[in-house]
Amino acid sequence: MTATGTRVLVLNSGSSSVKYQLLDMTDTQSAGGSAAGRLAVGLVERIGEENSRLVHTPLATGGDKRETEGPIADHEAALKAVAAELSADGLGLDSPQLAAIGHRVVHGGLKFTEPTVINDAVLQEIERLVPVAPLHNPANITGIRTALALRPDLPQVAVFDTAFHTTMPEYAARYAIDVETADAHRIRRYGFHGTSHAYVSRKTAALLGKDPSEVNVIVLHLGNGASASAVAGGRCVDTSMGLTPLEGLVMGTRSGDIDPAVTFHLGRVAGMSADEIDTLLNKKSGLIGLCGDNDMREIRRRIDEGDERAALAFDIYIHRLKKYIGAYSAVLGRVDAVAFTAGVGENAAPVREAAVAGLEEMGMAVDASLNAVRSDEPRLISPEYARVAVAVVPTDEELEIAQQAYALVSA
Ligand code: ADP
């Protein structure tokens with residue numbers, strides 16, 4: 001399949017939102033993968049409610065951000081509204097310059113190890129994975145179906161959050177539970193945020209002036225959802241999220257690692273249903289459960305005012321992070337870099353400082369003045385003497401999705 005256009009529309013469809021970006025791949029590539037080719041970005045939120053909102057920023061024309069409020073009934077209406085906004089800037093979905101639509105798909109199971117052009121069989125397979133990704137895949141599927149209805153002739157590419165982690169060795173991916181039961185229900189560790197871990201680990205190698213195959217990197221993707229990965233020579237060998245995005249680090253609203261017996265206890269002793277426990281661990285735990293806030297800015301502000309609950313939540317968050325840095329150092333044997341990314345990782349200097357504090361014996365340290373610098377560029381924050389490079393590497397999942405989709409359709 002050879003694309004004639006050079007633009008890619010990236011769609012990230014959530015249960016009540018659609019985030020989108022239109023990128024020009026000739027620009028992004030000539031700019032070394034920077035954000036230079038972004039033509040428009042936006043999001044539709046609160047789909048299905050009375051007060052849905054569309055925010056559209058037409059970067060190509062340099063125009064002002066446009067916001068519209070009013071009911072948007074479903075994903076189809078949302079995508080049509082997005083298409084109308086793009087058309088108003090001369091960037092409509094009917095443009096021959098559009099080469100592909102790249103869809104973020106959360107769960108690709110074991111089958112999808114690469115970005116994949118979507119056809120009926122692919123869509124069916126993504127549907128087959130709904131039982132292991134009930135919160136995410138249905139919304140992704142709706143987004144794909146809607147986009148296919150609008151442009152059935154255009155290649156549409158699924159880029160999976162799990163794909164980068166499919167290189168994990170079996171001993172890292174399997175839970176130590178009965179093999180037959182696990183296999184019957186496809187229970188294993190899949191990992192998520194893979195697009196970000198792939199992008200950031202590659203960018204980190206570039207920052208060190210090396211090829212990805214030459215370096216071992218621990219990537220700490222710390223957003224509202226958070227995950228760590230161990231990347232050896234460009235291949236993921238372990239990651240902290242598991243069957244679902246609940247496992248691993250302490251997150252904004254998710255508990256991360258927990259003794260599974262806590263769930264039986266909540267069922268038997270507290271009388272909670274499976275759904276209630278699911279909601280507790282996914283939505284009411286992590287930082288918000290510990291201190292009532294999940295925004296690291298607010299937590300830091302409260303700590304500065306002497307708030308003890310916020311301080312304890314921060315310490316629990318950091319302790320878990322440190323344990324993963326230690327564990328992945330052992331998994332990798334030699335660590336060349338630790339890369340911080342996503343909302344917290346890119347912006348919260350106190351988190352980076354605390355996570356690496358006391359790890360000098362492991363060759364890791366943070367330079368206070370470098371750590372205080374604010375920038376959108378990848379940068380080192382470790383002192384020169386440190387054996388391990390500690391870096392801040394802004395992630396760009398949309399660019400990665402666009403690049404993967406474009407590479408596939410222009411091959
Ligand atoms: P997600 O994509 O998982 O929703 P992001 O990667 O956008 O999340 O990260 C969002 C989080 O980043 C916020 O909840 C907040 O905790 C944190 N964050 C954003 N900006 C800052 C900042 N300037 N300082 C500290 N934390 C920040």
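Residues numbered from 1 in each chain as written. Predicted model: local features only at pLDDT ≥ 70, side-chain atom pairs only at ≥ 80, totals over all residues. Heavy atoms only, no water.

On to the overall build of the chain, then. When its secondary structure is counted, the chain shows 16 helices and 14 strands. In terms of overall dimensions, the chain is globule-like: its C-alpha atoms have a radius of gyration of 21 Å, near the 22 Å expected for 411 residues. Sorting the 411 residues of the chain into buried and exposed places 52% on the buried side. Contacts spanning at least 24 positions in sequence make up 64% of the contacts within the chain whose residues lie at least 6 apart. About 18100 Å² of surface is accessible on the chain, with carbon and sulfur atoms providing 52% of the total. Between the mean site of the 38 positive side-chain charges and the mean site of the 53 negative ones, the chain shows a separation of 2 Å. (Helix = DSSP H or I, 4+ residues; strand = E, 2+ residues; numbered from the N terminus. Rg over C-alpha atoms; globule rule 2.2 N^0.38 Å. Buried < 20%, exposed > 50% of the residue type's maximum accessible area, 1.4 Å probe, protein only. Contact = heavy atoms within 4.5 Å. Areas by Shrake-Rupley, 256 points an atom, 1.4 Å probe, with all protein chains shown as cover. Lys, Arg positive; Asp, Glu negative; His and termini not counted. Charge placed at Lys NZ, Arg CZ, Asp CG, Glu CD.)

With that settled, the discussion passes to the nonpolar core. Among the nonpolar cores identified, the biggest contains 42 residues, and L220, L222, M296, Y317, L321 and V351 are the most heavily contacted of them. Only strand 9 (216–222), strand 10 (226–232), helix 10 (286–291), helix 11 (296–304), helix 12 (308–332), strand 12 (337–341), helix 14 (349–356) and strand 14 (389–392) provide two or more residues apiece to this core. A per-element tally of this core places helix 12 first, with 10 residues. Beyond its immediate stretch of four places on either side in the chain, Y317 contacts L222, V250, L287, M296, V344 and V351. Membership of the second largest hydrophobic core comes to 32 residues, among which are V159, A173, V219 and I401. (Core = buried A, V, L, I, M, F, W, Y, C linked by side-chain atoms within 4.5 Å.)

Another point: the confidence of the model for the chain. When pLDDT is averaged along the chain, the result is 94, and 97% of the positions lie at 70 or above. Low pLDDT, under 50, characterises residues 30–36; the predicted model gives this stretch 10 contacts beyond four residues in sequence or across chains. (pLDDT = per-residue confidence, 0-100.)

Before going further, it helps to spend a moment on the site of the ligand. What surrounds the ligand is a group of 13 residues, the closest being N224, M296, R297, G343 and N347. Within the backbone of G225, one N or O atom sits 3.3 Å away from an oxygen atom of the ligand. Here a nitrogen atom of the ligand and a side-chain polar atom of R297 are 3.4 Å apart. Isolated, the ligand exposes 580 Å² of accessible area, and the fraction of that covered by the protein chains is 66%. For the shell around the ligand, the secondary-structure elements that each account for two or more residues are helix 11 and helix 13 (342–347). Ranked by the residues each element gives to the shell around the ligand, the list is headed by helix 13, at 4 residues. Along the lines of polarity and charge, the residues of the shell around the ligand split into 4 nonpolar, 6 polar and 3 charged. (Near = heavy atom within 4 Å. Polar contact = N/O pair within 3.5 Å; in protein donor to acceptor, adjacent residues only side chain to side chain. Nonpolar A, V, L, I, M, F, W, Y, C, P; charged D, E, K, R; others polar.)

The next thing to look at is the sheet that holds strand 14. With mixed pairing, the 6 strands of this open sheet are ordered in space as 11-10-9-12-14-13. Since the sheet does not close on itself, it has two edges, and those belong to strand 11 (235–239) and strand 13 (379–380), each with one partner. The pairing of strand 13 with strand 14 spans 2 bridges and is classified as antiparallel. Note on strand 14: the bridge partner recorded for L380 is A391. Helix-sheet contacts for helix 7 (residues 194–207) involve strand 9, strand 10, strand 11, strand 12, strand 13 and strand 14, and the interaxial angle to strand 9 is about 130°. (Pairing = 2+ DSSP bridges. Axes fitted to C-alpha atoms, helices over the stretch in contact; angles between N-to-C directions.)

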